[in-house]
Amino acid sequence: MSVYDDMVAECAERAGTATPNVEQEVMQRIALAGLHRGGFFQYAAFYGGTCLRIFHNLPRFSEDMDFSLVEKRDDIHLEDYFPAIVEEFKLAGHEVNIVKKEKKIFGRVESAFLKENTEVYDIKFQTKKTVKVKIELDTDPPLKFGTEQNLLIRPYSFMTRCFTLPYLYAGKMHALVYRAWQRRVKGRDWYDFEWYVRHQVPLDYQHLQERIREFSGEVVEKETFMRLLREKLSSTNIDLVKQDVVGFIANPHELDIWSNDYFLQLADMIVFK
């Protein structure tokens, strides 16, 4: 059995099921190993929902891998680390292709897809096309954040540079209030907000303010942000919020208590750093 297959079996046993999500999580961990081996974390840090799941046991699956440079610079690119990622997958027993994802509205974020080689994705393996991982690097990031080194022991022991929890929280709250999806609500943001409040993580407002300033050009004081947050929490269709997140969690009954009032009460429990 290859290292990849062994890791899938381990994750499936922990999760109690073997699903594409399990394979995606294994791919995420191998990608982190490759980035570490390539020296990527000298210049960048991991953040977002996948970071929260892998290193802090967030009980929902997360698809994307988000990275930020730790300082603004234009000479660090994801493409430089593709050989290390490809080699890591080869060592784990699988070949991958890495393809630049082009978007009409791309912004400052560079994206790539890690997915099984074409040989695997022929017609009789149509469903395998969903087993892919998107990785993104913000090359011009909002700053004023702190990082820490977190350990993974598979596929080998290595450290990943990550945002600390108060700064992860700030990124999530910026997304919750300012993210604008055309057709649906990203309930996963709401799920993560609930997790941060439940775990009494302090919210770093300085970094949140920096994110807002870079996003909109505005300096938003804490009281104004809280007003915008409450407006979002009170006016959003909670059924649409639930519909987005339910496919990413094991126990849908976690959402039974969800209502606009429930989230407004959570907002009152936010602790600022």
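Asks: What is the right way to read the pairing of strand β2 (residues 65–69) from this model?
Replies: Successive side chains on a regular strand alternate, one facing one side of the sheet and the next facing the other. Most of β2 is tucked away, with five of its five residues classed as buried. Pairing between strand β1 (residues 44–47) and β2: four bridges, direction antiparallel. By the bridge assignment, A44 is partnered in β2 with L69. Bridge count for β2 against strand β5 (residues 132–138) is four bridges, and the pairing is parallel.

Asks: Please explain the pairing of strand β7 (residues 158–163) as it appears in this structure.
Replies: Among the six residues of β7, five are classified as buried, and the element is accordingly described as predominantly covered. Relative to β7, strand β6 (residues 147–152) is paired through six bridges, and the arrangement is antiparallel. In the sheet register, T147 faces β7, and the bridge partner there is F163. Between β6 and β7, which follow one another and run antiparallel, lie five residues.

Asks: So what exactly am I meant to see when it comes to the packing of helix α5 (residues 165–178) against helix α8 (residues 222–235) here?
Replies: Angle between the axes and distance between the axes are the two parameters that describe a pair of packed helices. The geometry of α5 relative to α8 is characterised by a closest axis approach of 9 Å and an angle of 60° between their N-to-C directions. If you check the angle between α5 and α8, you find them oblique. In the crossing of α5 with α8, the sense of the turn from one axis to the other is left-handed. Along the contact surface, α5 presents M173, L176, V177 and Y178, while α8 presents F225, L228, L229, K232 and L233. Split into classes, the residues belonging to the contact of α5 with α8 amount to eight nonpolar, no polar and one charged.

Asks: What should I look at first to understand unusual backbone geometry in this one?
Replies: One can expect most non-glycine residues to show negative phi and most peptide bonds to be in trans. Of note, the amide linkage connecting R154 to P155 takes the cis form, showing an omega dihedral of 10°. With respect to the secondary-structure elements, P155 resides in the loop between β6 and β7. The phi dihedral of N57 is positive, around 60°, even though this residue is not glycine. What makes N57 exposed here is its relative accessible area of 63%. One non-glycine residue, K144, adopts positive backbone phi at about 60°. Take K144: it is sitting in the loop between β5 and β6.

Asks: What should I look at first to understand a nonpolar patch on the surface in this one?
Replies: A contiguous nonpolar patch, built from L151, I153 and M159 and spanning about 290 Å² of accessible area, is present on the exposed surface. You can see I153 is positioned in the loop between β6 and β7. Judged by relative accessible area, which is 57%, I153 ranks as exposed.

Asks: How do you make sense of the environment of L240 when you look at a structure like this?
Replies: Relative to the elements of secondary structure, L240 occurs in helix α9 (residues 238–245). Given a relative accessible area of 38%, L240 falls into the partly exposed group. For the pair L240 and V185, spaced 55 residues apart in sequence, the C-alpha to C-alpha distance is 6.2 Å.

Asks: Before we go on, may I ask you to explain the nonpolar core in this structure?
Replies: Inside soluble globular proteins, nonpolar side chains tend to come together where they are buried. Judged by nonpolar contacts, the single largest core of 82 residues is most densely connected at L32, F67, F193, F225, L229 and W258. With residues near it in sequence (within four places) discarded, W258 still touches G187, W190, Y191, E194, I238, V241, K242, V245 and F263.

Asks: Honestly, the pattern of salt bridges in this entry has me stumped. Any pointers?
Replies: Any two side chains of opposite charge can pair if their charged atoms end up close together. Counted under the stated rule, the structure contains 24 salt bridges. The shortest N-O distance in the salt bridge between E214 and R213 comes to 3.6 Å. Using a relative accessible area of 23% as the deciding quantity, one classes E214 as partly exposed. Classification of R213 as partly exposed rests on a relative accessible area of 36%. Taken together, the salt bridges that share partners define one network made up of K72, D140, K144, E210, R213 and E214.

Asks: How should the confidence of the model for the protein chain be read in this particular structure?
Replies: Parts of the prediction with low pLDDT should not have their coordinates interpreted in detail. The pLDDT averaged across the protein chain works out to 86; a share of 86% of its residues lies at or above 70. Here residues 115–127 scores under 50 on pLDDT; set against residues more than four positions off or in separate chains, the count is 21 contacts.

Asks: What should I look at first to understand α9 in this one?
Replies: In an α-helix, one turn spans 3.6 residues, which is why side chains three or four residues apart end up on the same side. Every buried residue of α9 is accounted for by I238, V241, D244 and V245. Buried residues of α9 fall within an arc of 120° about the axis and therefore sit on the same side. Where α9 is buried, its residues touch α6 (187–198) and α10 (260–267). The residue sitting at the N-terminus of α9 and contributing the capping side-chain oxygen is N237; that oxygen lies 2.9 Å from the backbone nitrogen of D239.

Thresholds applied
Residues numbered from 1 in each chain as written. Predicted model: local features only at pLDDT ≥ 70, side-chain atom pairs only at ≥ 80, totals over all residues. Heavy atoms only, no water. Buried < 20%, exposed > 50% of the residue type's maximum accessible area, 1.4 Å probe, protein only. Helix = DSSP H or I, 4+ residues; strand = E, 2+ residues; numbered from the N terminus. Pairing = 2+ DSSP bridges. Axes fitted to C-alpha atoms, helices over the stretch in contact; angles between N-to-C directions. Parallel < 35°, antiparallel > 145°, perpendicular 65-115°, else oblique. Left-handed = near helix turned anticlockwise from the far one by under 90°. Contact = heavy atoms within 4.5 Å. Nonpolar A, V, L, I, M, F, W, Y, C, P; charged D, E, K, R; others polar. Patch = residues over 30% accessible without salt bridge, like charges linked within 9 Å, V, L, I, M, F, W, Y side chains within 5 Å. Areas by Shrake-Rupley, 256 points an atom, 1.4 Å probe, with all protein chains shown as cover. Salt bridge = Lys/Arg side-chain N within 4 Å of Asp/Glu carboxyl O. Core = buried A, V, L, I, M, F, W, Y, C linked by side-chain atoms within 4.5 Å. pLDDT = per-residue confidence, 0-100. Arc of directions from axis to C-beta. Polar contact = N/O pair within 3.5 Å; in protein donor to acceptor, adjacent residues only side chain to side chain.

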